[in-house]
Amino acid sequence: MAGPDVTLLVALDEAVAALKAPLEEADRAQGWTDDLRREVQAEISINRSVLRREGLFMARYLRPRFDVWMDCEGVRPGRLRSLVLDVQRRFVEARSAS
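About the thresholds
- Residues numbered from 1 in each chain as written.
- Predicted model: local features only at pLDDT ≥ 70, side-chain atom pairs only at ≥ 80, totals over all residues.
- Heavy atoms only, no water.
- Helix = DSSP H or I, 4+ residues; strand = E, 2+ residues; numbered from the N terminus.
- Rg over C-alpha atoms; globule rule 2.2 N^0.38 Å.
- Buried < 20%, exposed > 50% of the residue type's maximum accessible area, 1.4 Å probe, protein only.
- Polar contact = N/O pair within 3.5 Å; in protein donor to acceptor, adjacent residues only side chain to side chain.
- Contact = heavy atoms within 4.5 Å.
- Expected span 1.5 Å × (residues − 1).
- Arc of directions from axis to C-beta.
- Core = buried A, V, L, I, M, F, W, Y, C linked by side-chain atoms within 4.5 Å.
- Axes fitted to C-alpha atoms, helices over the stretch in contact; angles between N-to-C directions.
- Parallel < 35°, antiparallel > 145°, perpendicular 65-115°, else oblique.
- Nonpolar A, V, L, I, M, F, W, Y, C, P; charged D, E, K, R; others polar.
- Phe/Tyr/Trp six-rings, centres within 6.5 Å; stacked < 30°, edge-to-face > 60°.
- Salt bridge = Lys/Arg side-chain N within 4 Å of Asp/Glu carboxyl O.

Student: Sorry if this is basic, but what is going on with the overall build of the protein here?
Tutor: Counting secondary structure elements, the protein contains 5 helices and 0 strands. Along the protein, from the amino end to the carboxyl end, the secondary structure elements read α-α-α-α-α. A globule of 98 residues ought to have a C-alpha radius of gyration of about 13 Å, and the protein, at 13 Å, matches this closely. Expressed as lengths along the three principal axes of its C-alpha atoms, the size of the protein is roughly 40 × 20 × 20 Å. Counting only residues that meet the buried cut, the protein has 41% of its 98 residues in that class.

Next comes the structure, spelled out in structure tokens:
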């Protein structure tokens, strides 16, 4: 697996792990709910599985719009939002590199 593949997969692994953990009070204050956390975690997990099975070329077909999703849900800046937006940024970079 090449460098960008590993970098993206590591970011996805970290995001999934963070989103599997129970929400902290600060997360709830930023607008996260358990349902939203599970939905975002599931979406990232699916994308991670696709990339592991199919490779980086699939990044051009995966179009996560987590920013729009979190905006619609009223999620404010914080650790989880930053983590999820980092994953989105890495998808965009991987798509550009593929």
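Still more to cover.
Student: Quick question: what am I supposed to make of the side chain of Arg 37 here?
Tutor: Mapped onto the secondary structure, Arg 37 falls in helix 3 (residues 34-54). Here the side chain of Arg 37 touches Leu 19 through a polar contact of 2.7 Å, landing on its backbone oxygen. Non-local contacts of Arg 37, meaning those with residues more than four positions away in its chain, are made with Leu 19, Lys 20, Ala 21, Leu 23 and Trp 32.

Student: Any chance you could explain helix 5 (residues 79-97) here in plain terms?
Tutor: Since the α-helix advances by 3.6 residues per turn, residues separated by three or four positions end up pointing in the same direction. Compared with an ideal rise of 1.5 Å per residue, which puts 19 residues at 27 Å, helix 5 spans 27 Å between its outermost C-alpha atoms and is within 8% of the ideal. Here helix 5 has its buried residues at Leu 80, Arg 81, Val 84, Val 87, Gln 88, Phe 91, Ala 94 and Arg 95. Burial along helix 5 is one-sided: seen end-on, the buried residues are contained in an arc of 150°. In helix 5, the exposed positions angled more than 90 degrees off the buried face are occupied by Ser 96 and Ala 97.

Student: Can you help me understand the nonpolar core in this one?
Tutor: When a protein is soluble and globular, its nonpolar side chains tend to lie buried together. Core analysis: the largest hydrophobic core is formed by 27 residues, its most contacted members being Leu 12, Trp 32, Val 40, Ile 44, Leu 51 and Val 84. Those elements that provide at least two residues to this core are helix 1 (3-20), helix 3, helix 4 (66-73) and helix 5. Ignoring anything within four residues of it in the chain, the contact list for Val 84 reads Leu 19, Trp 32, Val 40, Ile 44, Phe 66 and Met 70.

Student: Would you mind going over the packing of helix 4 against helix 5 with me for this structure?
Tutor: Helix-helix packing is characterised by the crossing angle of the two axes and by the distance between the axes. Contact geometry of helix 4 with helix 5 gives a least axis separation of 9 Å together with a crossing angle of 150°. In this view, helix 4 runs roughly antiparallel relative to helix 5, as classed from their interaxial angle. On helix 5, the residues touching Phe 66, Asp 67, Met 70 and Asp 71 of helix 4 are Arg 81, Val 84, Leu 85, Val 87 and Gln 88. Residue classes in the contact of helix 4 with helix 5 are distributed as 5 nonpolar, 1 polar and 3 charged.

Student: Is there a simple way to explain the packing of aromatic side chains in this structure?
Tutor: Any aromatic ring pair is given by two values, namely how distant the centres are and how the planes are angled relative to each other. Summed over the entire model, instances satisfying the criterion amount to 1 aromatic pair. Pairing Phe 66 with Trp 69 gives two aromatic rings, centres 6.2 Å apart and planes at 20°, and the pair type is stacked. Of this pair, Phe 66 and Trp 69 both sit in helix 4, 3 residues apart, which is roughly one turn of that helix.

Student: Whenever I open this one, the pattern of salt bridges confuses me. Can you help?
Tutor: If charged atoms from side chains of opposite charge come close, those side chains can pair. Counting across every chain of the model gives 12 salt bridges. Among the ionic pairs, Asp 27 bridges to Arg 79, the shortest N-O distance being 2.7 Å. Highlighted residues: Asp 27 in helix 2 (residues 25-29) and Arg 79 in helix 5, separated in sequence by 52 residues. The class for Arg 79 is partly exposed, based on a relative accessible area of 37%. What you see here is one network of salt bridges that share partners, running through Asp 86, Arg 89, Arg 90 and Glu 93.

Read these as geometric descriptors, not functional statements.
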